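Close look at the chain arrangement
The primary structure of each chain is shown beneath.
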Amino acid sequence: MSTYALGVMVSASTLHAVLLERTEEETVVRFQRSRSRGGMEATDLPFDEPEESTPGIDDEPDDVTIEFGDSGGGDDLFLGGEFDEFEDEGDDFAADPQPETWNFRSALDDLLEECEDRGYEDPEVAFCTSASDVDEVELRLPADESGPAGEEGSTGLPLPASRSTLLGMLEEQYDGAVEKERVGFVPMHRTGDGRQRVLALIARPGGSVISTLSEMQEQTLARSPRARFLDTEVPLYLGLARSALQLPPDTAEKTILVRAGTDNTLVLFMEGNTLRQAEQLPELTVEDPAETICSRVLLLQDEYGMGDVQHLLLAAEDSEEMLADAFKSYFASSKVRLLRTHLPNGEAESSQYLAATGAALRQIDDPDFGPSFQDVDLLPATCRPSPFRIPVGWSVPVLLVLLGVTTLGFVWYYVANANAISERRTQLRTLEREVAQADPEALERRIDSLESAAAQYAQGLNVLDELLQGSNKWSKGLATVTGRMNSVQGVSIAEWSPAGDARVTVSGRASSRPRVVRLAQELGADINSLTFTEVRDASLYDFNVTVPLDTTKPAAIEYWR
């Protein structure tokens, strides 16, 4: 737990944020901020008052568009037939397309920057999303599996089964996609036939919070916030109600919590510290007349068989006092209280910050509020902060690593070159000492000896050249023929083949007949054939001669033999 935390409530059109700090004596509100989807501060925006009706025309009752939940008692409700025709309208409303996901990164960046300016750097952030972004499914355990309910604690009854069992039941009863890590469970009171119930809260895919956190984790110029959990309104308001009432365990006192907002109205029915029923009314908002809201709550109370209610907690984003007066007249036997009055600085603040305050209270270590909240977290693991957090994006460490590797490479190269230079200098100093100690006359004698040896090697190489040159009769004969051809000119060789141990046959072509005769004379060759041919108006002579080879050995070879 932290001593300070930032609670953020995100709905379809607004964002409310509260920074709380736990001091030694109490929990203090440091600041509250509200931002609309368009980017403007939404704290002081007035709501439109309902227009007056036209004179002479009676107003239609505002409570005729009532919808009923799926569970229990709807057919036996008085005046039930008058509302049957409106059930289809509720289905049409539910089929409306969902609004586009709101990415509130800019607003969250501003909040984190303001926290830092006030000295609360990098606060832990607790998110809450509206009930309209969560699907609710009531799970009922089979009668043969409904054992003892267990003792009620500060958060109500315990879960009647393990999480894996409840997830298996949810997959059988829920048709949509389920991300197992984004499902929360809230225990409920038993049904009339003794079956245990659990309210499953299923986060819909995506959402404003997940979209914003995912984008901020990919940013490169700043780090993502320290998001701790993502709660929703039902368990969060249950925790606030428990902390406000402080009822003893296993009490039979009943409570109704009504939260009237600009988008919808949420009604929670509790028995003791345990949820009995949750109802979301998208057709009712805080802009509707207070009598309409009160009458609808009365109908739901009768529908769910609540009986007498001892406590009624109220929260409204506007006209809260007027709504409280209306509930006091409708629920005369109940104790009507404003929920915000039980929160830090609640007397001076608006109820629109209740959810954000509740999320922050759940995060900080406050003994008056912390034990009352249900452990519900719809935040996926991919959006949770890493335990190894750095104050920059991922690209900066990569660049630093590359810079470090490059620096180490240059350092190693410098050290290697310095060592090589040092070794060479050591060798030079050794040579300098040897030269300084050497006798100049001895050096001259050594040089003369080397020059004499070099002269002997050169002379030997010359003798070796004389021995090898012309030692092969074939290479010597080829050299003789090509040399005579160069002197005659106008003659080319086409083929060379041996004609015995000391003769070769040479075929070629000449530009004139006298050149062939001259070549044969210089080589001492016999002319075997001479053929005239004409190529492109030019007269050419193809010849074939037999040339004798010189088999005498070089004088150096004869000498050494």
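For the structure, check the block above.
What you see is a predicted model, and the numbers here were worked out from it, not measured in a lab.

Quick look at the overall build of the protein chain now. Helix and strand counts for the protein chain stand at 13 helices and 17 strands. Counting all 561 residues of the protein chain, 41% fall into the buried class. Taking all contacts inside the protein chain whose residues are at least 6 apart in sequence as the whole, residues at least 24 apart take part in 69%. Total accessible area on the protein chain stands at roughly 31000 Å², and carbon and sulfur atoms take up 51% of it.

This brings us to a nonpolar patch on the surface. The grouping of Val398, Leu399 and Leu402 at the surface amounts to a nonpolar patch, some 280 Å² of accessible area in total. Note that Leu402 resides in helix α9 (residues 395-437).

Let us now look at the nonpolar core. By size, the foremost hydrophobic cluster in this structure holds 71 residues, and its most contacted members are Leu6, Phe104, Phe127, Tyr237, Leu268 and Leu275. With residues up to four places along the chain from it excluded, the contact list for Phe104 reads Val10, Leu15, Phe127, Ser208, Val209 and Thr212. One finds Ala316, Leu323, Ala324 and Ala326 within the second-largest nonpolar core, a separate group that totals 26 residues.

Backbone geometry places Asp122, a non-glycine residue, at a positive phi of 50°. Look at Ser319: it is not a glycine, yet its phi comes out positive at around 55°. As for its placement among the helices and strands, Ser319 is situated in the loop between β12 (311-316) and α7 (320-330).

Further remarks concern the packing of aromatic side chains. Tallied over the full model, the rule gives six aromatic pairs. Among the aromatic residues, those joined into a ring-pair cluster are Trp102, Phe104 and Phe127. The residue whose ring lies beneath Arg362 is Phe229, and the NZ or CZ to ring-centre distance is 4.0 Å.

What follows concerns the sheet that holds strand β16 (residues 526-535). The strand order across the open sheet formed by four strands is β14-β15-β17-β16, and the pairing between neighbours is antiparallel. The open sheet is flanked by β14 (491-498) and β16, the only strands paired with a single partner. Strand-to-strand, the axes of this sheet are offset by a mean angle of 15°, without reference to chain direction. Inspection of the sheet shows strand β15 (residues 503-510) paired to strand β17 (residues 538-548) by eight bridges, in the antiparallel sense. When the bridges of β17 are listed, Thr505 appears paired with Thr546. Of the strands in this sheet, β14, β15, β16 and β17 are in contact with helix α12 (residues 513-523), which crosses β17 at around 15°.

What follows deals with the packing of helix α2 (residues 105-117) against helix α4 (residues 208-218). Remark: α2 packs on α4, axes separated minimally by 10 Å, with the N-to-C direction vectors making an angle of 70°. Here α4 runs roughly perpendicular to α2, going by the angle between their axes. With respect to the hand of their crossing, α2 and α4 are arranged in right-handed fashion. Here Arg105, Leu108, Asp109 and Leu112 of α2 lie close against α4, whose contacting residues are Thr212, Glu215 and Met216. Its residues assigned to classes, the contact of α2 with α4 comprises three nonpolar, one polar and three charged.

Glancing now at the packing of helix α6 (residues 290-303) against α7. The N-to-C vectors of α6 and α7 enclose an angle of 40°; their axes lie 9 Å apart at closest approach. In terms of axis orientation, α6 runs oblique to α7. Handedness of the α6/α7 crossing: right-handed. Counting all contacts with α6, which are made through Ala290, Glu291, Ile293, Cys294, Ser295, Val297 and Leu298, the residues of α7 involved are Met322, Leu323, Ala326, Phe327 and Tyr330. A per-class count over the contact of α6 with α7 returns ten nonpolar, one polar and one charged.

Moving on: a negative patch on the surface. Taken together, the side chains of Asp439, Glu441, Glu444, Asp448 and Glu451 present a region of like negative charge at the surface. You can see Asp448 is positioned in helix α10 (residues 440-468). The exposure class assigned to Asp448 is partly exposed, which follows from its relative accessible area of 48%.

The subject of this paragraph is α12. Three or more residues of α12 are buried, namely Val516, Leu519, Ala520 and Leu523. Along α12, the residues classed as buried sweep out an arc of 100° about the axis, all on the same side. Exposed positions of α12 whose direction lies more than 90 degrees from the buried face are Pro514 and Gln521. Among the residues trailing α12, Gly524 stands out with phi positive, at a value near 65°.

Take the pattern of salt bridges next. Applying the stated criterion across every chain yields a total of 26 salt bridges. In this structure, Arg105 engages Asp109 in a salt bridge whose closest nitrogen and oxygen atoms are separated by 3.6 Å. Highlighted residues: Arg105 and Asp109, both in helix α2, separated by four residues, approximately one helical turn. With a shortest N-O distance of 3.7 Å, Arg340 and Glu321 are connected by a salt bridge. On the criterion of sequence distance, the pair formed by Arg340 in the loop between β13 (335-338) and α8 (354-363) and Glu321 in helix α7 is long-range, its members being 19 residues apart. By relative accessible area, which is 12% here, Arg340 ends up buried. Counted as one network, the salt bridges with shared partners bring together Asp122, Glu124, Arg226 and Arg228.

With that settled, the discussion passes to the side chain of Thr274. Of note, Thr274 is situated in strand β11 (residues 274-281). Residue contacts for Thr274: discarding those within four places in its chain leaves Glu152, Gly156, Leu157, Pro187, Met188, His189 and Phe269.

Right, let's get into the pairing of β11. A large share of β11 lies buried, amounting to seven of its eight residues. Examined bridge by bridge, strand β10 (residues 265-271) and β11 share seven bridges and lie antiparallel to one another. Paired with Leu266 across the strands is Gln280, a residue of β11. Where β10 hands over to β11, the hairpin turn is made up of two residues, of which Gly272 adopts a positive phi near 70°.

What counts, and where the lines are drawn
Residues numbered from 1 in each chain as written. Predicted model: local features only at pLDDT ≥ 70, side-chain atom pairs only at ≥ 80, totals over all residues. Heavy atoms only, no water. Helix = DSSP H or I, 4+ residues; strand = E, 2+ residues; numbered from the N terminus. Buried < 20%, exposed > 50% of the residue type's maximum accessible area, 1.4 Å probe, protein only. Contact = heavy atoms within 4.5 Å. Areas by Shrake-Rupley, 256 points an atom, 1.4 Å probe, with all protein chains shown as cover. Patch = residues over 30% accessible without salt bridge, like charges linked within 9 Å, V, L, I, M, F, W, Y side chains within 5 Å. Salt bridge = Lys/Arg side-chain N within 4 Å of Asp/Glu carboxyl O. Core = buried A, V, L, I, M, F, W, Y, C linked by side-chain atoms within 4.5 Å. Phe/Tyr/Trp six-rings, centres within 6.5 Å; stacked < 30°, edge-to-face > 60°. Lys NZ or Arg CZ within 6 Å of the ring centre and 35° of its normal. Pairing = 2+ DSSP bridges. Axes fitted to C-alpha atoms, helices over the stretch in contact; angles between N-to-C directions. Parallel < 35°, antiparallel > 145°, perpendicular 65-115°, else oblique. Left-handed = near helix turned anticlockwise from the far one by under 90°. Nonpolar A, V, L, I, M, F, W, Y, C, P; charged D, E, K, R; others polar. Lys, Arg positive; Asp, Glu negative; His and termini not counted. Charge placed at Lys NZ, Arg CZ, Asp CG, Glu CD. Arc of directions from axis to C-beta.

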